[in-house]
Every structure is written in structure tokens, then in C-alpha cells.
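# Descriptive structure summary
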Amino acid sequence: QSIWSDTYNAPLPPLVDAIALRPVRSHWAMTPNDLIYVGDQAIAAMSILIFFASVLLLFLIARRLFDQRLAMFACALVLLCDACWQYSLSGLPQMLLLFFFNATVYALVRAVEARGGGGRVALWLAAAGAGFGLLALTHALTIWMFLGALIFCAFFFRPRGLAALIVLIVFLVVYTPWLLRNYIVCGNPAGVAIYSLADGLGHSEAGWMRQVAFDSGSLGIKAFYTKVAGNLVAQTGRILEYLGWSVVALAFFFALLHVFKRPETNTVRWMIAAMWAGAVLGMAVLGITEEEGVAANQLHLIFMPLMTCYGLAYLLVQWNRLDLGMQVARVGFITLLFVLCSLPMVHSLASIRLGVNRTKIHWPPYIPPLISVMNIWMKPEELITSDMPWAVAWYADRRCVWLPDTTKTFSEISDYRLLGGPINGLYLTPISGSSNTLRDIWKGEYREWGALIQHTTILQNFPLKWANYLGLDNECVFFSDHDRQAAAMEAAKSSGP
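These figures come from a predicted structure and were not determined experimentally.

## Quick word on unusual backbone geometry
The phi angle of most residues is negative, glycine excepted, and most peptide bonds adopt the trans form. The step from Arg158 to Pro159 runs through a cis peptide bond, and the omega angle for that step is -5°. The residue Pro159 is located in the loop between helix 7 (143-156) and helix 8 (162-186) in this model. Of note in the backbone geometry, Asp397 takes a positive phi value of approximately 55° without being a glycine. Assignment of secondary structure puts Asp397 in the loop between helix 19 (389-395) and strand 2 (400-402). By relative accessible area, which is 38% here, Asp397 ends up partly exposed. Positive phi values are uncommon outside glycine, yet His455 reaches one of about 60°. Within the element layout of this structure, His455 appears in the loop between helix 22 (450-453) and strand 4 (466-470).

## What to know about the sheet that holds strand 5 (residues 476-480)
Spatial ordering of the open sheet is given by 2-1-3-5-4, a layout of five strands whose pairing is mixed. The sheet is open, and its two edges are formed by strand 2 and strand 4, each paired on a single side. Strand-to-strand, the axes of this sheet are offset by a mean angle of 25°, without reference to chain direction. Two strands pair when backbone bridges link them, and strand 1 (residues 383-386) and strand 2 are joined in this way by three bridges, in the parallel orientation. When the sheet's bridge partners are listed, Ile384 is paired in strand 2 with Cys400.

## Observations regarding the packing of helix 3 (residues 68-79) against helix 15 (residues 300-322)
Running from N to C, helix 3 and helix 15 cross one another at 125°; their axes reach a closest spacing of 9 Å. Here helix 3 is positioned oblique relative to helix 15, judged by the angle of their axes. The way helix 3 lies across helix 15 gives a crossing that is right-handed. Each of Leu70, Phe73, Ala74, Leu77 and Val78 in helix 3 lies in contact with helix 15, whose residues at this interface are Met304, Pro305, Thr308, Cys309, Leu312, Ala313 and Leu316.

## A few points about helix 20 (residues 407-415)
Of all the positions in helix 20, only Thr409, Phe410, Ile413 and Ser414 are classed as buried. Down the axis of helix 20, the smallest arc covering the buried residues is 125°, so these residues share one side. Residues of helix 20 that are exposed and point more than 90 degrees away from the buried face comprise Lys408 and Asp415. The first or second residue beyond helix 20 is Arg417, which carries a positive phi of 50°.

## Looking at the pattern of salt bridges
For the structure on display, the rule yields eight salt bridges. A salt bridge links Arg484 to Glu382; the shortest N-O distance between them is 2.7 Å. Here Glu382 lies in the loop between helix 18 (374-377) and strand 1 and Arg484 lies in helix 23 (residues 484-494), a separation of 102 residues in the sequence. Relative accessible area serves as the criterion here: at 13%, Glu382 is assigned to the buried category. Measuring nitrogen to oxygen at the nearest pair gives 2.8 Å for the salt bridge that ties Arg484 to Asp481.

## Points about the packing of aromatic side chains
Within this structure, the stated rule accounts for 32 aromatic pairs. A centroid spacing of 5.9 Å and a plane angle of 75° characterise the contact between Phe66 and Phe260, whose relative ring orientation is edge-to-face. Placement of Phe66 in the loop between helix 2 (38-65) and helix 3 and of Phe260 in the loop between helix 13 (252-255) and helix 14 (263-286) is noted, with a sequence separation of 194 residues between them. A ring pair is formed by Phe99 and Phe100, whose centres lie 5.7 Å apart and whose planes are at 65°; its orientation type is edge-to-face. Look at Phe99 and you get partly exposed, because its relative accessible area is 27%. Three or more aromatic residues joined by ring pairs make a cluster, and in this case those are Phe66, Phe252, Phe253, Phe260, Trp276 and Tyr310. In this structure, Arg115 packs its charged tip against the face of Phe156, placed 4.3 Å from the ring centre.

## Some words on helix 10 (residues 221-237)
In this model, helix 10 (17 residues) spans 24 Å end to end at C-alpha, consistent with the 24 Å of a helix rising 1.5 Å per residue. Taken together, the buried positions of helix 10 are occupied by Lys227, Val228, Asn231 and Gln235. Viewed end-on, helix 10 has its buried residues packed into an arc of 95°, placing them on one side of the element. Residues of helix 10 that are exposed and point over 90 degrees away from its buried face: Lys222, Tyr225, Val233, Thr236 and Gly237.

## Concerning the confidence of the model for the chain
In this model, the chain carries a mean pLDDT of 91, and residues with pLDDT of at least 70 account for 96%. Here helix 21 (residues 438-443) stands out as the element of the chain with the lowest mean pLDDT, 84, in contrast to helix 3, whose mean of 98 is the highest. Taken together, the stretch residues 358-362 has pLDDT below 50 and engages in 10 contacts with residues farther than four places along the chain or on a different chain.

## Considering the side chain of Thr267
As for its placement among the helices and strands, Thr267 is situated in helix 14. Residue Thr267 is classed as buried on the basis of its relative accessible area, which comes to 15%.

Cut-offs used in this document
Residues numbered from 1 in each chain as written. Predicted model: local features only at pLDDT ≥ 70, side-chain atom pairs only at ≥ 80, totals over all residues. Heavy atoms only, no water. Helix = DSSP H or I, 4+ residues; strand = E, 2+ residues; numbered from the N terminus. Buried < 20%, exposed > 50% of the residue type's maximum accessible area, 1.4 Å probe, protein only. Pairing = 2+ DSSP bridges. Axes fitted to C-alpha atoms, helices over the stretch in contact; angles between N-to-C directions. Parallel < 35°, antiparallel > 145°, perpendicular 65-115°, else oblique. Left-handed = near helix turned anticlockwise from the far one by under 90°. Contact = heavy atoms within 4.5 Å. Arc of directions from axis to C-beta. Salt bridge = Lys/Arg side-chain N within 4 Å of Asp/Glu carboxyl O. Phe/Tyr/Trp six-rings, centres within 6.5 Å; stacked < 30°, edge-to-face > 60°. Lys NZ or Arg CZ within 6 Å of the ring centre and 35° of its normal. Expected span 1.5 Å × (residues − 1). pLDDT = per-residue confidence, 0-100.

Written as C-alpha cells, this is what we have:
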């Protein structure tokens, strides 16, 4: 039973998804006629609601740091950010992260204000610690930004060290039970997500997870340094893109050189910079692997709204220093900022309107309606292996595991029933096939399966002898121990009227 326990994903996103899916549980099964899965729609709707809630929190923060008018302008700029909407539709946890991040920053802002006004600092620090715990339960990568905030608290609040200790203790109270649970289930507090650290070091993250035994031979300080340095350079070159193409958010870095009137405003910007620096280091260590323009490890986006507030304030201060004395010029300048920040969204909407992109749903290279047929072809107790097991489990509601790295391992797992039974199906997609070059197929991580991917294997010599090709170009193929499609059609005829 422990084999099927999730030790990769943080617990809060699946919990929130479960809440979103509850109203549509009677329509859970996907059919080949459904272009968009009702589960995807429910999760996207929940993400959009959370996005709106995070914008409300942003308004409360910006109003305290600046004023109500700037808070309204900043929130409007965030709502026009196309990247936020794309992540809302992706199923990734960025919107939930944004909500908890804004809530945590709000608590820290109140703590900074309490320090200057003689208020109850410890209470707000404890709330911030709980917020960081919820962030870690949403995505463990946020622990890196927590370290930045911890350093800030240690130096800013008095007595030094006590504030950081309060935040740390509350964080551990919230997060430690999850680590204990992982340790009990699989013997590692970090779960199988620990393989993310080895992504790009000899193998991709998927390549490491497809191995039965962890071989650390390709790991080393030199390889790790090369990976981190390369990721830092990549982040620097794409920082504007990672900030949702918002030139206003990018101006945050110039705002670090400006002295604002309110001391709390000046202090909070360095707190944000410290957390962002920690996040950058964490993203350099783990990497940002994109899929259809979105990435689970992309944390720059959750800093974008607060950076927008500071960037907008800085740009308006600089405009006022020009002292043009024309209100129409000021309106024109603000309008220009809105136009620049909304261009990606305008481009996306125009692309859909003109037919360049008919849908903005982020699907990796597979078609969910085709996957759903496995729900009919396979029994619940049967086992499938695939180069993208997550999609099979989600859209077909059938058990699916990573395609092993070798054919020998595949045979051992199936013949000795190491997962509770034989492997009854194998599903291959463009992830291992047409999305790669011929050299990648025969020399890359799926080289053991090159003949099967290229459809040159003599199936009579393979345990799964029947192949059902799916898709217009037969890019997807399902291998099984008998002709599942024909069997399903016969069953449908015999049960018909």
C-alpha cells in the first residue's frame, strides 16, 4: 500500500484541488468526446479564485506601504499580467503560493510597523512563521526564500535572534509533521522529491526517478557548480520574462536605490529583496524546467505583484521630478505603463482570435481524450507504465508508474510482480518519441526503448504483443497483453440493447 503513497507533491495543492473537484465528483470520468476534462476546469476555476484573493491581499499590503490610489493601480497591473492567467490555467501551485506569500508578507509588514510603533511584534512574527510553513507545504522550494526572510528577521528585529527564533519555531511546528510522515512512508523526510536536486546532473529528474537504484556516480562538485552557474545565468537573462514581462515590476531593482518617505516602506523592500535572493539561489540549485511555457519551480512570478508596487511607486516619483506641470502628460505616462504591461495578454487574446492558438490550456505533448480510453480498456487493479504516468493516472483514473530505465528492470518488475501484479500496459507519447531527435531516442535516457519507440520491435518477442496507435500521426501508442480496443468493442456490443 505504501508504494502508492504520494511522496513527491507537497500536500496543500492536492488538498485544494480536492476541494475544487468535490462539486464535480459525479462527472469524474473523462470520455473520448470530452475535449477539456471537467477536473481541469474545476482546478482552473479554483486557481482563478485564489488569484483574485491574492490580489485583494496585495491591495491591503500596498495601501499600508504606499496609498490607496497606488494600490489600486498596482492591482490593476497585476490583473493584466498574462503570465498570472496562464499559471492559473496550468494546474501548477503558483496561485496558491502567491496567496500564501502575500498573506505572509502582510504579517511581516505588520511586524515591521509594530516594531516602529511599539506594537505586538511577536504575534505577527508567529503569523509569518505559520505563513512560511504553509508555503513550504505548498512547494518545498519556498524554504529557500524562508531562509532569506529568517536572515532579515535576525538583523532587523530586536533583540537580535529572538524574532528569527519565533519565526523558525512556528515554521517547524507547521512543517515538521509532513517531514515525519514522509520518513514513515518511504524512509526519507524529503520523499522522492529529493531527486529534483539531481536534475541535470547526468540525468534529468525523470531519468533519475525511472531508476530502481540511485546511482550517484555522475554526481560531483564540478557538475553541481556547472548546473548552478548555468541556471543563474539563465535566470538573469530571462528575468523580465519570469516577471511576466512587466517593466514596472523590473523597476523594483531601481527602487532599491531610492529612499521612500515611510521608513516601513524602505525596510520592507529589503525584506522582499532578501527573500527573492533566497528564491533565486533555490531555483539555481533545482533548476526551472518549463513545459509549454510554465514551470513548477518558477517563483519569480509570486514576487512580481509586490515588485510591481515598488516599481510603480519609483517610476511615479521619477516622473514627478520632471515637473512638467501637465496632468494629461501624467495620465499618458501611466497609460503607457498599462499598455506595456498588457501587451502579452493582448498578444495571447489576438492569437486565439486569429486562430494561431485556439486554446491556451497547457498540455504537454499528449491528448487527454485519447488517454481516457484506457479507463475502458484497463481494469482498476491492472498496472500501466508510461513515459508520462501522471497524465494516465489523472485522465484515465488507472494506476500508472514510470517506464523503467531498462527493459531488464521492466521484466523483473512485471515477472516478479514487485508492484503487486504484472505490468499489463505500456503507453508511449512524443515525450520519448517524436519530441526528440533520432540521436536522443537511441542515445538518450530512453535508449533501451529505442526500437519500441521507433516501432521496429518484433512484438511477438515482447511481453506486450498488441499495439494500439492513437492520434492523427500515430505519435502515441499503447502496448498491452491483448487487443484491448477490440475487447472493449466486443464488451460494448454484448452489453448493448
